[in-house]
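Listed below are the residues making up each chain.
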Amino acid sequence: MPRGRRGSRVGVLDGGREEGAPLQTVPSPSALGGGPRLWEAAAEQVLLRGIFEIGRDSCDVVLGERALRWRPIRPERPAGDSKSDLPCTEEFVDLKDIFSVKLKRRCFVKQHSGGTLLGITLFVCVKKEPNKLKNSTLDLINLSEDHCDLWFTQFKKILAGFSNRPKALKILLNPQSHKKEAVQVYYEKVEPLLKLAGIKTDVTITEYKGHAVSLLNECELQGFDGVVCVGGDGSASEVAHGLLLRAQKIAGMDTDHIRTPVRAQLPLGIIPAGSTNVLAHSLYGIPHVVTATMHIILGHMQSVDVCTFSNMGKLLRFGFSAMFGFGGRTLALAEKYRWMSPSQRRDFAVMKALAKLKSEECEISFLPTDSSQDEQEMRAQASPESGCCGTQWQVIQGQFLNISIMAIPCLCSVAPRGLAPDTKLNNGSMALIVARNTTRPEFIKHLKRYASVKNQFNFPFVETFTVKEVKIQPKNNTSGYNREHEGVTHESVSENSFPWNVDGDLMEVSSEVHVRLHPRLITLFGGSLREMDDSQVTCNCL
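So, a few notes on the structure that sits alongside this text. Being a predicted model, the structure only gives us computed values, none of them experimental.

## Remarks on the overall build of the protein
Summing up its helical and strand segments, the protein has 11 helices and 22 strands in all. Split into buried and exposed, the 542 residues of the protein put 54% on the buried side. Taking the intrachain contacts of the protein between residues at least 6 apart in sequence as the baseline, contacts between residues at least 24 apart amount to 70%. As displayed, the protein offers around 24900 Å² of accessible surface, 50% of which is attributable to carbon and sulfur atoms.

## Let's talk about the nonpolar core
Counting 86 residues, the largest nonpolar core has Val230, Val239, Leu268, Ile270, Ile271, Phe443 and Ile522 as the members making the most contacts within it. Grouped together as the second largest cluster of nonpolar side chains are 27 residues, Phe309, Ile396, Ile405 and Val470 included.

## Quick notes on unusual backbone geometry
Located in the positive-phi region is Met312, a residue other than glycine, with phi close to 55°. Relative to the elements of secondary structure, Met312 occurs in the loop between strand 12 (301-311) and strand 13 (314-319). In this structure Met312 comes out as exposed when scored by relative accessible area, which is 76%. With phi around 60°, Cys410 is a residue other than glycine that occupies positive phi space. Along the chain, Cys410 turns up in the loop between strand 17 (392-406) and strand 18 (430-436). Among the residues examined, Cys410 registers a relative accessible area of 1% and is labelled buried.

## As for helix 1 (residues 145-160)
Over its 16 residues, helix 1 runs 22 Å from end to end, which matches the ideal 22 Å to within 8%, given 1.5 Å per residue. For helix 1, the full list of buried residues reads His147, Cys148, Trp151, Gln154, Phe155, Ile158 and Leu159. Take helix 1 and look down its axis: the buried residues cluster within an arc of 140°, on one side only. Facing away from the buried surface of helix 1 by more than 90 degrees, the exposed residues are Asp146, Thr153, Lys157 and Ala160. Elements in contact with the buried residues of helix 1: strand 1 (46-54), strand 2 (57-64), strand 3 (67-72), strand 5 (98-106), strand 6 (116-129) and strand 7 (132-141). You can read the cap of helix 1 off the contacts: a side-chain oxygen lies 3.1 Å from the backbone nitrogen of His147, and it is on Ser144.

## Focus: the pairing of strand 3
With 5 of 6 residues buried, strand 3 is to be regarded as a mostly interior element. As paired strands, strand 2 and strand 3 are joined by 5 bridges and run antiparallel to one another. Within strand 3, the position partnered with Val61 by the bridge is Trp70. From the end of strand 2 to the start of strand 3, which pair antiparallel, there are 2 residues.

## A word on the pairing of strand 8 (residues 168-173)
With 6 of 6 residues buried, strand 8 is to be regarded as a mostly interior element. Across the two faces of strand 8 the burial is the same, with Ala168, Lys170 and Leu172 and Leu169, Ile171 and Leu173 all buried. Alignment of strand 8 against strand 9 (residues 200-205), held across 6 bridges, turns out to be parallel. Residue pairing in the sheet places Ile171 in a bridge with Val203 of strand 9. Alignment of strand 8 against strand 10 (residues 227-231), held across 4 bridges, turns out to be parallel. Across the sheet, residue Leu173 finds its bridge partner in strand 10, namely Val230.

## Here's the deal with the packing of aromatic side chains
Remark: the centre distance and the inter-plane angle together describe each pair of aromatic rings, the angle taken between the planes. Inspection of the entire model under this criterion finds 11 aromatic pairs. Arranged with centres 5.0 Å apart and planes meeting at 80°, the rings of Phe52 and Trp151 form a pair that is edge-to-face. One end of the pair, Phe52, is in strand 1; the other, Trp151, is in helix 1, and 99 residues separate them in sequence. Note on Trp151: relative accessible area 1%, which makes it buried. Aromatic side chains Phe459 and Phe461 sit 5.4 Å apart centroid to centroid with 40° between the ring planes, which places their arrangement in the tilted category.

## Some words on the pattern of salt bridges
Pairing between side chains becomes possible if they bear opposite charge and their charged atoms approach one another. Taken as a whole and judged by the stated rule, the model has 13 salt bridges. Of the charged contacts in the structure, one is a salt bridge between Glu463 and Arg436, with a shortest N-O distance of 2.5 Å. Residue Glu463 is located in strand 19 (residues 462-474), and its partner Arg436 is located in strand 18; the two are separated by 27 residues in the primary sequence. Overall, the relative accessible area of 24% leaves Arg436 in the partly exposed class. In this structure, a network of salt bridges that share partners links the residues Asp94, Lys96 and Asp97.

Conventions we followed
Residues numbered from 1 in each chain as written. Predicted model: local features only at pLDDT ≥ 70, side-chain atom pairs only at ≥ 80, totals over all residues. Heavy atoms only, no water. Helix = DSSP H or I, 4+ residues; strand = E, 2+ residues; numbered from the N terminus. Buried < 20%, exposed > 50% of the residue type's maximum accessible area, 1.4 Å probe, protein only. Contact = heavy atoms within 4.5 Å. Areas by Shrake-Rupley, 256 points an atom, 1.4 Å probe, with all protein chains shown as cover. Core = buried A, V, L, I, M, F, W, Y, C linked by side-chain atoms within 4.5 Å. Expected span 1.5 Å × (residues − 1). Arc of directions from axis to C-beta. Polar contact = N/O pair within 3.5 Å; in protein donor to acceptor, adjacent residues only side chain to side chain. Pairing = 2+ DSSP bridges. Phe/Tyr/Trp six-rings, centres within 6.5 Å; stacked < 30°, edge-to-face > 60°. Salt bridge = Lys/Arg side-chain N within 4 Å of Asp/Glu carboxyl O.

Pasting the structure below:
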């Protein structure tokens, strides 16, 4: 059987021009996620077996049902030769981590097709760090056309068998996200990988706020396996809102008054291209573009809890997290200074909101989850109003600096453990975190704790609850948001309304807001996360 040239590393794909090295050269096959394993331990059906050159070794390669395995072929040595006792380790890569296969050819300049066959190139998803994914290559060198065609056909058949992987995606791209880099991020980092994986795409660049919702309400999505948003938290939340509104409309439901919404029909992928990327960070464990793209390509999915925000029974929007008080004021201030860079705008808004720090008089009603009902009853007054399954509504009143309601952990650069570290993506509950009125220095200490490994809630003025419904009722507007004093114009916050920060978007409401959790309402592209230990948490943001 013909063998390839030793050490050949030409990175040219079938039908392409010579472009140098592959996407990434594998320093060691074990870096692909495999490692030493006894050859005899592979108890699976063998599909193909042959000889390829991998790296600098001729290898015995076995393609099984779940993995590709290989080990170097060592020449026989005379008895007593010390080198003959060296272990012959096996390397492997799981088939589920392979996302594309190409015939590897050497092409001359200006040659657009054909070329001398060198072997097969496998494109593999590699876990380089906890939660961080990379794309890499593995070259199987063999000059035999028949031999490579047989293996190439089998690899293509295997890849076609992963039915959960998307074949066509609708891409919604927000060109205004962060430093207006979303377009560049998509076309330079995301699209090449999607094309390599054979995924068809249809790209729409959004032109104004709310454009994604309009598109999802009107466009034809039949034939797509998912929707991908390229942008920040506001863009991702808007697309999720649009997908859920579309699902209610298709189900024939009244989209203004929704008690029990139906699930979104298509999964949502999020490519982080914003300033904070809280949703992507919480979903993937890291705000990394290639990691997000690889999860989408490989079809990793998980159901995620979503909240509805309503006022007087009318749906305002779907969302994942919200802040009222300091968090809402900070966003309202930041919206006024859009001409600044994202980081400058955020820092300026935080400092100005802290300088004008003031509390809101509110009544907070909440329905605790059953598992923590006894604990909640010890921390709040009982209300005669009761919820489902006999659970009693609890009520707390007073002056509050900030109120956070979060159905996801809300990981971000300023809170590497999360704004709500005890909340999961789909545990069927929300975190209600309230900061009562206190001095400015004490409140700043509380904010700084988010950037450390210490308990940010270990303050006498901070209370936490695990809930499934919340109602926030500002008591009056005279002690509420003084827009002229705060320096926020009527263009950003209307008269007689209070600012809410919902997933990074400003929402203005003048009266009670009712937040209800809906478990596993939407499916997002993303895999299971590995939680960081304390030594991995490093952040100095305040």
